[in-house]
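Topology and contacts: notes
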Amino acid sequence: MTGCIRGISGSTVWVEGLKGLRLFERVRVGNAELTGEVVRLEGERAVVQVYEETTGLGINEPVKGTGSPLTVMLGPGILGAVFDGLQRPLEQLRAEMGPFISGTKEVSALDYKRSWEFHPLKSEGDELREGDAIGYVEEGAFRHLILAGASGIISWIREGSFSLGEPLARLGSGEDVYGLQEWPVRSPRPYRRKLSPSVPMITGQRVIDFFFPIPRGGTAVIPGGFGTGKTILEQTIAKFADVDIVVYVGCGERGNEMAELLEEFQTIKDPWRERRLIDRTVLVVNTSNMPVSAREASIYTAVTIGEYYRDMGYNVLLLADSVSRWAEALREISSSMEEMPGEEGYPTYLASRIFGFYERAGIVETLNGDVGSLTMILSVSPPGGDFTEPVTQASLRTAGVFLMLDTSLAHRRHFPAINWSQSYSLYQKELKKNFSEKVSSEWEDLHDRCRGLLQSEEELREIAEIVGKEGLRDEDRLLMEAVERIRTEFLCQNAYTEDAFSSPEKTLKIIKEIIRFFDDASEQIRKGILYEDILKA
Amino acid sequence: MRLAEYRYRTITSIGGPLVFLERVQSVRIGEMVKLITPDDKEMDAQVIEIKGETVLLEVFGSTQGLDLEKTEVIFTDSAKKAPLSEAVIGRVFNGSFKPIDGLPMFLPEKWVPITGRPINPVARERPSEFIETGFSVIDGLNTLVKGQKLPIFSCSGLPSKEVVAGILKNARLPGGAGRFVVVFSAVGLTFYEYAFYMELFNEMMTSFTAFVNMADEPTMERLLTPRFAITVAEYLAFEKGMDVLVIITDMTNYCDALREVSTAREELPGRRGYPAYMYSDLASLYERAGRIKGVEGSITMLPVVTMPEDDITHPVPDLTGYITEGQIVLSRELHQKGIFPPVDVLPSLSRLMQRGIGEGLTREDHRRVSNLLYSNYAKGRDLRRLEAIVGSEGLSEQDRKILAFTDTFEKEFVNQGIQRRGVIETLELGWDILRRVSLV
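Observations regarding the interface of chain B and chain A
Counting residues at the interface gives 72 residues for chain B and 69 residues for chain A. Summed over both sides, the interface of chain B with chain A buries roughly 6,000 Å², with 55% coming from carbon and sulfur. Area buried by chain B at its contact with chain A is led by V122, R126 and Y322 of chain B, which between them contribute 12% of it. Summed over the shared surface of chain B and chain A, the result is seven salt bridges. In this structure, E257 of chain A and R351 of chain B form a salt bridge, with 3.9 Å as the shortest nitrogen-oxygen distance.

See the structure below:
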């Protein structure tokens, strides 16, 4: 069945004469067969969002339906790959068409020729339920479980090498099970039930782990104006986070930064395994100059890949830089469809889309009874650094951790520029307890004291601005000195040195030393020793 | 390819830069068309929207003289292309790629669409080669590297063109300039500025190509000018292996042109009336800078942005800052103190600096001295406010040292006039100032 193009505006195309289309079905548009998705149906007319550059597309050119929605290919070979927003492997594209991306070459996301070694975990005659692992493949350091997409009795199962196109098992019903499955990007993958997040995910950033901890399965947002270090923070966490798999989405960001990230990940060692960092990472890259509608799809592609590894029982971290670019893509699409705009031109369904996406994070009991988690850390780029804008506000309503990046801290080169009085973690109570049990019983106490000092200093600083530092009492000058040390030695962390990762033990040690210094010096002042003399000692 | 040439006389409405045309049979989005007015004037336009048989055209140039009945529209079946050849070097063109230097048009080697294609992120080479600009405040604290896009955020009345001129005159590439060329794109330039730059180019020995859209020339042409320039830059860099420095001044005029089209199309306005897609549109220009693995040349971009009302959160600098790899911010306060270049170090930033400095690139102590200068200056700026309230008696000895440093740093390090300083000299000067106020 073929329809034809009746109108084009930006990436939106109006199609006529194509019956039986379904909403969100993938279609091929024009002579060049560009990939598109049906976003609205009106009688025999359909509105299609094209995921590629539309320049050159002509009126009356044909449009064909494919019968299936936009999907992601899931199977061995995803780790270490770099995909664009539609899961096209960028290395492959480069090999086939050189350094520039053009046209619409159909390239398979995964390599069908590559041979894998299959280790069955079930045998003939076993009963299989949806989500059960029939076997596994060694994918780098990981056991890549092959999860059944259907239920039934196994009538045959493979052992040994196979390629992605070949079946791994046959069910009594005659249905084959493959090592590869396609999953619609906009549908969350199923699980048995969600669990409550209670185990911290170590980021290695002292200010996060100590003050605003993120649990496995939690969501954190990092809003900040430009130059506040969002990207560096995201990348540093991607390098050191205590998780199995990292999915990193460069959504509408800089090409040079992605080149940097890629080069580093290929050379740096995974801090938790004897492997390269890239071997635990999947990169989904849609830089700011790549097609806008594919940018909209990119975070869904990434989250589906994340859920797939979660279903194998892994702890997965999804980092997206930045959600604002995704929201802007949504706005562009919405306005080219001439929808009624909401706040700041964003469609009125912006918040519900954001909620729908953030809620795909979580720690879950998988279909086969295992536990896996998908944690999200998402950066937000508010225009003009103004946090009252809709994307930041909608994010705040769903995310459990808010890490506010502060321009004035960044201007002082205080990195990570996380503002400690405005940020929060809703999970703090539970996680603090967890740290106390796992790391040291002093954790909670030190945490509260440190917070107290920071707060008192803020009040003192206001006084110091009137009377001058020299006019303060010795106790107060000591407190300011201690907080200065907390700021420079504890809260600041240079992403380019060894200190880029700080284990909870190291975190505790540093803060303990500073607090001890403060206590000792306070004691001395009480005994009448002058502040200047203490500093000299 | 179409076999026949399509001509229409079916214009139904004209408003601002936009023309509606009806009963069009075969048309592509982005296709170039020619409009011929009753008095035989020719103008270029582009198809920006198709709805059934109605087509919306955006006219580059003035729409004056168009009418509904007699104006003829000819479809060309191709996208807007730029003629390319090494013969562009040394030439001056207007915003529509017509020579304005009195010489005849060159013979193009080929024609290439000006929208360009995105560089595959995995094909990008990580920029790491230091470019010496000759300004201490840039080389020492906000180092520029080959393949970077680093805008200059200026305010009206500040000497942004003198800063650009200084960089143009003094910039040195690592290992000597192999084949270094400047592509200059003037967007909405006043005659006064134009004369300034032309004199500069004649004075300089570097080869250059200029695309000039003057302030009184058609606004719509401003959307084309930088694209012609960058297309030429891509050709010289990635096909001819040259190191290209692209200068675009002023991006604020470009964005205003974008807003004008958007408003004429009755699109929903975003912040301050600029269209919602301005981020993507700016990215389609800025992101064309860079280096490619296995290819010799490079594109480094220095766009100039004038911040309306000195407001860095204005959409033009704001979106630019989100795309580019840092920014050099000029300050009115420093300018009033007579400091040149009046670069405010605190909000300025070069994101790619870390890769471009250090042992083997500049000097191993570069990072240390730059961090020391920066952090002391940042403290000093805070202390100045404090000093204004409590007076210098209320400050500690250390604070007074930092204040002394802050003044010297501005007067001697930032302020250097048009004298060129090598990077080693810059680093030495940095240490010297720190030593003099006994901070090290």
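Describing the domain arrangement of chain B
Residues and elements named next belong to chain B. Here chain B is described as being made up of domain 1 (7-78), domain 2 (82-356) and domain 3 (366-436). Computed over C-alpha atoms only, the centres of domain 2 and domain 3 are separated by 31 Å. Among the residues of domain 2 in contact with domain 3, S136, L141 and L346 are the three that bury the most area, contributing 28% of the side total. Linking domain 2 with domain 3 are three salt bridges. Here E410 and K337 are joined by a salt bridge, their closest N and O atoms 2.9 Å apart. Along the contact surface separating domain 2 from domain 3 lie 17 residue pairs in polar contact (both at pLDDT 80 or more). Taken together, the elements giving at least two residues each to the side of domain 2 that touches domain 3 come down to α1 (136-141), α8 (332-336), β21 (343-350) and α9 (353-356). If one sorts the elements of the side of domain 2 that touches domain 3 by residue count, α1 sits on top with five residues.

Regarding the pattern of salt bridges
For the coordinates displayed, the defined rule picks out 86 salt bridges over all chains. Connected through salt bridges with shared partners, the residues E253, R254, E257, R325 and E328 of chain A together with R351 of chain B form a single ionic network.

Some thoughts on the environment of A327 of chain A
Residues and elements named next belong to chain A. As for its position among the elements, A327 is in helix α6 (residues 323-336). Since its relative accessible area comes to 0%, A327 is described here as buried. Between the C-alpha atoms of A327 and A351, which are 24 residues apart in sequence, the distance is 9.7 Å. Setting aside residues up to four positions removed in sequence, A327 forms contacts with Y346, L350 and V391.

Side note on the environment of G306 of chain A
Residue and element names in this part refer to chain A. Here G306 is to be found in helix α5 (residues 292-310). We classify G306 as buried; its relative accessible area is 0%. When the C-alpha positions of G306 and N31 are compared, they lie 34 Å apart, and in sequence the two are 275 residues distant.

Quick notes on the rules
Residues numbered from 1 in each chain as written. Chains lettered and ligands numbered in written order. Predicted model: local features only at pLDDT ≥ 70, side-chain atom pairs only at ≥ 80, totals over all residues. Heavy atoms only, no water. Contact = heavy atoms within 4.5 Å. Buried area = accessible area lost by both parts, 1.4 Å probe. Salt bridge = Lys/Arg side-chain N within 4 Å of Asp/Glu carboxyl O. Domains from an automatic or database assignment. Polar contact = N/O pair within 3.5 Å; in protein donor to acceptor, adjacent residues only side chain to side chain. Helix = DSSP H or I, 4+ residues; strand = E, 2+ residues; numbered from the N terminus. Buried < 20%, exposed > 50% of the residue type's maximum accessible area, 1.4 Å probe, protein only.

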